[in-house]
Amino acid sequence: MKNEYFPYPAVIEDIKTETTDTKTFRVWFTDKVLADSFDYQQGQFMELSVPGAGEAPISISSSPSRKGFLEFTIRAAGKVTKSIHMLKKGDYIYLRGPYGNSFPFEDIKGKNLYFVVGGIGLAPLRSLINLVMDNRNNFRHIKVLYGARTPDDLCFKDELEQWKKIPDTEVWLTVDKPSAGWGGRVGVVTELWKETHINPENAVSIVCGPPIMIKFAADKLQESGFKDKDIFMTLERYMKCGIGKCGHCNIDDKFICKDGPVFTYEQKKGFRHKEHIF
Amino acid sequence: MPRVLTTCIYCGCGCGLYLISDGKRLTGAYPSRNHPVSRGALCVKGWNSYEFSNDLNRLTAPLIKKDGKFIPASWDETLGLVVEKFKHYKNTFGPDSLAFLSSAKTTNEENFLMMKLARAVFKTNNIDHCARLCHASTVVGLSLAFGGGAMTNSINEFKDAEVILVTGSDTTAQHPLIGSRIINTVKDKGAKLIVIDPREIQLAKYATIYAQPKCGTDVAWINGLIYVIIAEDLHDKKFIEERTEGFLELKRTVRDYTPELVEEITTIPKEKIIEIARLYAKARKSMIVYSMGITQHTTGVDNVLSLANLAMVTGHIGFASTGVNPLRGQNNVQGSCDVGALPDVYSGYQSLVDGDIRKKFEQGWRVEGLPPKAGLTVTEIISAAGEGRIKGLYIMGENPIISDPDSNHVRKCLSEVEFLVVQDIFLSDTAEYADVVLPSASFAEKDGTFTNTERRVERIRKVIDPPGQAKADWQILSEVARRMGYKGMDYKHPSEIMDEIASLTPIYGGITYDRLGPYGLQWPCPTKDHPGTSVLHKEKFTKGKGTFMPRPYIPPAESTDEEYNFVLTTGRVYWHWHTRTMTNRTSTLEREAPEPYVEINCEDAEDLQIRDDQLIKVSSRRGAITLKVRVGHKVAKGTLFIPFHYREAAANILTILAVDPIAKIPEYKVCAVKVEKI
Amino acid sequence: MRGKGGKDMKASKVKIIGKKKIKDLLREASQEWNVYVPQKWSDGDVWMDQLPKDKQMLDEALEDVVLEDVDTVISPKDIFFPQLESIFKFKDDKIWETPEFSPKLIFGVQPCDLKGILFSDDFYRRNFEDRYYVSRIQNRLIVARGCLRPPRPTCFCSSAKTGPFAEDGFDLQLVDFGDSYFVEVGTREGEEFITMHKKFFSEPDGNYDMTIKEIKTKACDSLELKVDFQNALSLMAQDSFIPEENYRRIGERCIYCGGCLYVCPTCTCFNVFDNVKDKEGERVRNWDACVFEGYTRETSGHNPRKDKWLRTARRYEHKLKFDYKVTGLSGCIACGRCLSSCPVGIGISKFIQEITEKRKIM
Ligand SMILES: Cc1cc2nc3c(=O)[nH]c(=O)nc-3n(C[C@H](O)[C@H](O)[C@H](O)COP(=O)(O)OP(=O)(O)OC[C@H]3O[C@@H](n4cnc5c(N)ncnc54)[C@H](O)[C@@H]3O)c2cc1C
Ligand code: SF4
Ligand code: SF4
Ligand code: FES
């Protein structure tokens, strides 16, 4: 009988500082059998442990198309995430998973894609975006609309630049609070609607970010003519087990860890207390 | 799966609960269905009381500080050092260069031993404990008025009350199993509830009348109520005539407290004063419930005396479901007072000024020359330690750095005292300052008794062994006495200590472990066949006639001014216990209230342009702390509330070391502060 | 796997056992099993505790065994899902798991509690298996005991058809018949148990079927608290039916002790935390409750269920709406424990009365 609560060691192979409070960790399992059989999908998360500090759900930010490692992009928020930030290259970290459903991939081939992202929300979406980029020919026009609090809070700056260079791909950035030297746009991500045309025709949108941002962005997309089923979003909930047992992440009859974290706007509208989802 | 019936470690309700262990550690806590207080229920703290003693960071070995670092040492070496130092100070500077702080978290037996150690072995009356900080005013005030400082009724009597007046007690948060009874009585049996509190507490929602007085104006509104009662001829003349003395003086004093004046002082509208007075006086069974909102003032004793006046003037005392009910905070603060961990009395509130009583204790303890002069109180001890008058200080299970007023002052004093012994289950903030730390057993690791707020002496029972070399407090204290060459403190079991308490203490005279059974006995229980007492002062007051002691209104020690323009009041939250030594090691409790905060009224927040959750700086003349804001209606405009649990933003850095002149209780409930955005 | 206690097999055989023999049966059974049976404490509290293995202690414990009018504060769920349990231990870079497998005979389970156990079994097995729970139930035999009278004044099993006798799900079920019990056999494992201990059992005579039926009907009639359970489930199933005011009122009255959920036989929520000193420690889980504010509060402070009424709604909707939607069974098994352990008199039976009878009683 497999023990889903039991984590497996992985070694930290590389650490990259993204922002003042966010780092990307590249890790891989020490156990060869596990490493060879491990598979995951875009948008899934894992439970990361530092024994003694605890466990936290973290999205896999690398793309399943790029094999042989896993990346997690983590903001130092509380006890566990801060302990992870203290780890160094070569240290062990303990993982279990992957858990949760995933962002659509096959179903959205041949479509225009709108990625609407806030802050650390780019971590899970990066998994999908890079998967899409690795299969670029299967998709039509792509727009990434990315908002962060300050220019310093923008993650994956190199990759943002790379994506921009890919044909038929636009990256729009905006920040709430500009700092000296920021020549770009200022305002929340929905302000970008004023600047760039949002066309729901043959398009799907995928929203990821802080709850309040998702709420506004999803509403805005719906206003712009996106069908409820074509707006994908992630829901975040306090989690402990990641496997539908501890109860914390429940909404109605769903567990966000197991039945989510990816939901459509349509599903969200079906929840009993839909006004209180975010 | 051993399961043991014991008593909750947290509040004064004294719920009966079963602890479960797997032999090595605790794995659960369940309420007793038949216990008269818990009745199948517990509050969240009781339900989770199994967790903290498992924490791997418990103290497991005695520690001696060498070069600023704690080094584990043997009991022999450590206690040897303690005794050597204390002996030296006693011989060189006299017994009063020593002081002992006992603990309301430990058992009756242990408190009794602590005071015996101080008095019989070291010959000093410098013994006190945190009751000073919570209900010293009650002990003094109700003794003066009635002859006994305890709840006059019992917890299960709330269900038959007609009117319940709650003041200065956030009952559902601090005495949940009493607060819940009040809700049930009001909602299900139609009793009327009066809540008078500067904070709009949960009970306020159930109140027929809720009044929000300015902090520290209690004597004024109480006198106002009595004014109305007398003016409207609602007082109980027969009761006053037969059972009390001093009514004329009362009449004279309250004569000035017209509803108009009271409104001016307290901001309670005069119509409300009149309404409250009528409601309280006209009912047959009216109960007063109060707690630290009444006692923790420089006028703490005055407040208590005034409430006693109110009850007596209406004859609302001495009957079932009718009386004055101070809710004692700590699980065993009633008991630690009862058994004499106080500077001026022996167990059972027997005065040490009385030569006969001293003789009785000298004989009982087989010693000579018990000191006749009252000792110092907690706050005085701390200050004296800072000034070098106290050389050796022994603190058992208390954390004055967080719990006492003006933390910075306490810190300074404790760092200056020559030799500090701290006996605790965890390395508390206070223990950091110790020269010697002694590891003790938790409530699950020893036998003993606690006395709850309704005077119920209840057993606690050992479930598991203490970790490492930790020992029960009673064992450590006995060992210290033995090493001092005193032979009268060798006990095989705490029951022997209780037998000694019973033999020297009339109110506990009939109490033995055999008789306590599962639910305990309520004192006074003077003889071995006495069934215990649920209602005090029935036919007559303990002191004979009840005494009216009218008091004029005196404003708090520190009032607001242009700079320090907010009134700060401090208190506790439901989830935490005092300095969080136990509750921050309880996952559910710590998660519920992980951070310090300050409550502020919406209007003030708007004026200051402060948002919910924003960090602000609150400072008084003594210090400053930074913490998050909770904007709401709970406190009135101009008032702030901060829970005192958190060392990260210790409210007691702000509070003032101003004390009641008689009870010496500090004014935790009022000081002047200012708010700054950061 | 022995005694799944979940196999559908209608009671086909009936045996009889004298009440006086129960102690000896338990004594014998405890050689092979960890036996859990209700035992009375000197203060009158009754707990479903494990019988000690030590001979003398066992004899003493057997004296305290009670099978009638048993009112345990907690259902036997804590045998499989203890209030606190270890998930794994760690030291330096090593970690090792700590499941528990012992064979368990649970003797004298009330029918409502049996329903609760089966409900939780299903939950913990569904999708991802919960290793700790499932290992604890691996080897289990359940002897149910029907109630002649409701042990708690708050019992309302007859309204929910979860008692006072179980129809299935047990390995064996005791039916109180004066100085003996009829023993209904529910599974092959139950039958094997009887064969193993056959000297204690005998064949019932005469028309015992009728007798058992009468006993059960009478027991059913003895329940005074009746609520319109089915109606409540269908009302709750309608999304348009929003008793928000009820939730608000109840949420105000609640003192957030968590008791109603801790005692609930079908409540399964837990929290996880590490207990550590230096580099050595343990990851443990303990009971949690969805009425707590921190249950859904994220590190950022964001809390989708900050409002009390939403948490209250969650509690009732989970039991009476969503559990029903997912499993076809109500999550409330009508044991009445939430009410009897609530310090402020809140309970699911009262909630049902409020919504079906349209009155305010809390
Ligand atoms: C599906 C999912 C994917 C996530 N992906 C990422 C990511 O890629 N990068 C990232 O930086 N953050 C991510 N988060 C948020 C991250 O899980 C929290 O910031 C983290 O749990 C905080 O834990 P802590 O121990 O540091 O804080 P503490 O305050 O010590 O939290 C204690 C525990 O509470 C629970 N908890 C608290 N907040 C959250 C939360 N927001 N979500 C879930 N559980 C919580 C966790 O069990 C956590 O260990 C994700 C959350 C979810 C639900
Ligand atoms: S009400 Fe008091 S005594 Fe009872 S469980 Fe809560 S803290 Fe413990
Ligand atoms: S038992 Fe009652 S008070 Fe406690 S959480 Fe449940 S409803 Fe609230
Ligand atoms: S995280 Fe435990 S149920 Fe979803």
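### Topic: the overall build of chain A
A count of helices and strands for chain A gives 7 helices and 15 strands. Its C-alpha atoms give chain A a radius of gyration of 18 Å, within 12% of the compact-globule value 19 Å for 278 residues. Seen along its three principal axes, the alpha-carbon backbone of chain A occupies a region of about 50 × 45 × 35 Å. For chain A, the residues scored as buried account for 60% of the 278 residues in total. Restricting to contacts in chain A with at least 6 residues of sequence separation, those with at least 24 account for 69%.

### Some points on the overall build of chain C
A tally of helices and strands in chain C yields 14 helices and 11 strands. Taken over the C-alpha trace, chain C has a radius of gyration of 21 Å; the compact-globule value for 362 residues is 21 Å, and the two agree within 12%. Overall size of chain C, expressed as C-alpha extent along the three principal axes, is 65 × 60 × 40 Å. The buried share of chain C, taken over its 362 residues, is 64%. Taking the intrachain contacts of chain C between residues at least 6 apart in sequence as the baseline, contacts between residues at least 24 apart amount to 75%. Averaging the locations of the 58 positively and 58 negatively charged side chains of chain C gives two centres separated by 2 Å.

### Description of the pattern of salt bridges
Across all of its chains, the model carries 94 salt bridges over all chains by this definition. A salt bridge links B:D604 to B:K637; its shortest N-O distance comes to 3.4 Å. With B:D604 in helix α24 (residues 602–608) and B:K637 in the loop between β26 (624–632) and β27 (639–643), this residue pair connects regions lying 33 residues apart in the sequence. Salt bridges linked by common partners bring C:E85, C:E100, C:K104, C:D130, C:R136 and C:R285 together as one network.

### A few points about the site of ligand 1
Taken together, 23 residues surround ligand 1, and among them A:E55, A:P57, A:T81, A:E236 and A:M239 come closest. Near ligand 1, the surrounding residues belong to chains A and C. In this structure, an oxygen atom belonging to ligand 1 sits 2.5 Å away from a main-chain N or O atom of A:E55. In this structure, A:K240 approaches ligand 1 through a side-chain N or O atom, which is 3.4 Å from an oxygen atom. Contact with the protein chains covers 87% of the free accessible surface of ligand 1, which is 820 Å². Breaking the shell around ligand 1 down by element, the ones donating at least two residues are β4 (54–59), β5 (70–75) and α2 (79–86) of chain A. Partitioning the shell around ligand 1 into residue classes produces 11 nonpolar, 5 polar and 7 charged.

### Quick word on the domain arrangement of chain C
All names here are of chain C. Along its sequence, chain C is organised into domain 1 (2–221) and domain 2 (229–357). For domain 1 and domain 2, the distance between their C-alpha centroids amounts to 26 Å. Counting residues at the interface gives 40 residues for domain 1, matched by 43 residues for domain 2. Of the roughly 3300 Å² buried between domain 1 and domain 2, counting both surfaces, carbon and sulfur atoms make up 62%. The tally of links from domain 1 across to domain 2 stands at 3 salt bridges. Between R285 and E85 there is a salt bridge; the shortest N-O distance is 2.8 Å.

### Considerations on helix α3 (residues 108–121) of chain B
All names here are of chain B. The end-to-end C-alpha distance of α3 is 19 Å, a good match for the 20 Å that 14 residues give at a rise of 1.5 Å each. In terms of burial, α3 is a largely internal element, 14 of the 14 residues being buried. Within two residues after α3, K123 carries a phi angle of roughly 60°, on the positive side.

### Focus on the interface of chain C and chain B
Listed per partner, the contact involves 52 residues of chain C and 50 residues of chain B. Across the interface of chain C and chain B, roughly 4100 Å² is buried in total on both sides, 45% from carbon and sulfur atoms. Considering only the side of chain C, the residues that lose the most area to chain B are C:Q83, C:L84 and C:R253, jointly responsible for 15% of the buried surface there. Counting every contact that joins chain C to chain B gives 6 salt bridges. The interface formed by chain C and chain B contains 37 residue pairs in polar contact (both at pLDDT 80 or more). At the level of secondary structure, the elements contributing two or more residues to the side of chain C that touches chain B comprise β3 (46–50), β4 (84–91), α10 (244–253), α11 (259–262), β10 (270–277) and β11 (280–287) of chain C. Tallying contributions element by element places β11(C) first for the side of chain C that touches chain B, with 6 residues.

### As for unusual backbone geometry
Here the amide bond leading from A:G97 into A:P98 is cis, since omega sits at 5°, within 30 degrees of zero. Position of A:P98 relative to the elements: it lies in strand β6 (residues 92–99). Look at the link from C:G163 to C:P164: it is a cis peptide, with omega at 5°. Structurally, C:P164 is set in the loop between α6 (157–160) and β8 (172–177). One non-glycine residue, B:D67, adopts positive backbone phi at about 50°. Looking at the element boundaries, B:D67 is found in the loop between β4 (63–66) and β5 (69–72). The backbone phi angle of B:Y349 is positive, close to 60°, even though this residue is not glycine. With respect to the helices and strands, B:Y349 occurs in the loop between β14 (345–346) and β15 (350–351).

### Remarks on the sheet that holds β10(C)
All names here are of chain C. The sheet built from 4 strands is open, its strands ordered β5-β4-β11-β10 with antiparallel pairing. Every interior strand has two partners, whereas the edge strands, β5 (94–97) and β10, have only one. In this sheet, neighbouring strand axes are inclined to one another by 25° on average, regardless of whether the strands run parallel or antiparallel. Note that β10 and β11 share 8 bridges and pair antiparallel. Across the sheet, N271 pairs through a bridge with N286, a residue of β11.

### Some details on the domain arrangement of chain A
All names here are of chain A. Structurally, chain A comprises domain 1 (8–99) and domain 2 (106–234). Computed over C-alpha atoms, the centres of domain 1 and domain 2 are 24 Å apart. Between domain 1 and domain 2, the residue contacts involve 22 residues of the former and 16 residues of the latter. Summed over both partners, the interface of domain 1 with domain 2 buries about 1400 Å², with 51% contributed by carbon and sulfur atoms. Counting across the domain 1 and domain 2 interface gives 3 salt bridges. Of all elements in the fold, only β1 (8–19), β2 (22–29) and β5 reach the threshold of two or more residues within the side of domain 1 that touches domain 2. With 4 residues, β5 is the largest single contributor of residues to the side of domain 1 that touches domain 2. Classifying every residue of the side of domain 1 that touches domain 2 gives 4 nonpolar, 12 polar and 6 charged.

Cut-off values and rules
- Residues numbered from 1 in each chain as written.
- Chains lettered and ligands numbered in written order.
- Predicted model: local features only at pLDDT ≥ 70, side-chain atom pairs only at ≥ 80, totals over all residues.
- Heavy atoms only, no water.
- Helix = DSSP H or I, 4+ residues; strand = E, 2+ residues; numbered from the N terminus.
- Rg over C-alpha atoms; globule rule 2.2 N^0.38 Å.
- Buried < 20%, exposed > 50% of the residue type's maximum accessible area, 1.4 Å probe, protein only.
- Contact = heavy atoms within 4.5 Å.
- Lys, Arg positive; Asp, Glu negative; His and termini not counted.
- Charge placed at Lys NZ, Arg CZ, Asp CG, Glu CD.
- Salt bridge = Lys/Arg side-chain N within 4 Å of Asp/Glu carboxyl O.
- Near = heavy atom within 4 Å.
- Polar contact = N/O pair within 3.5 Å; in protein donor to acceptor, adjacent residues only side chain to side chain.
- Areas by Shrake-Rupley, 256 points an atom, 1.4 Å probe, with all protein chains shown as cover.
- Nonpolar A, V, L, I, M, F, W, Y, C, P; charged D, E, K, R; others polar.
- Domains from an automatic or database assignment.
- Buried area = accessible area lost by both parts, 1.4 Å probe.
- Expected span 1.5 Å × (residues − 1).
- Pairing = 2+ DSSP bridges.
- Axes fitted to C-alpha atoms, helices over the stretch in contact; angles between N-to-C directions.

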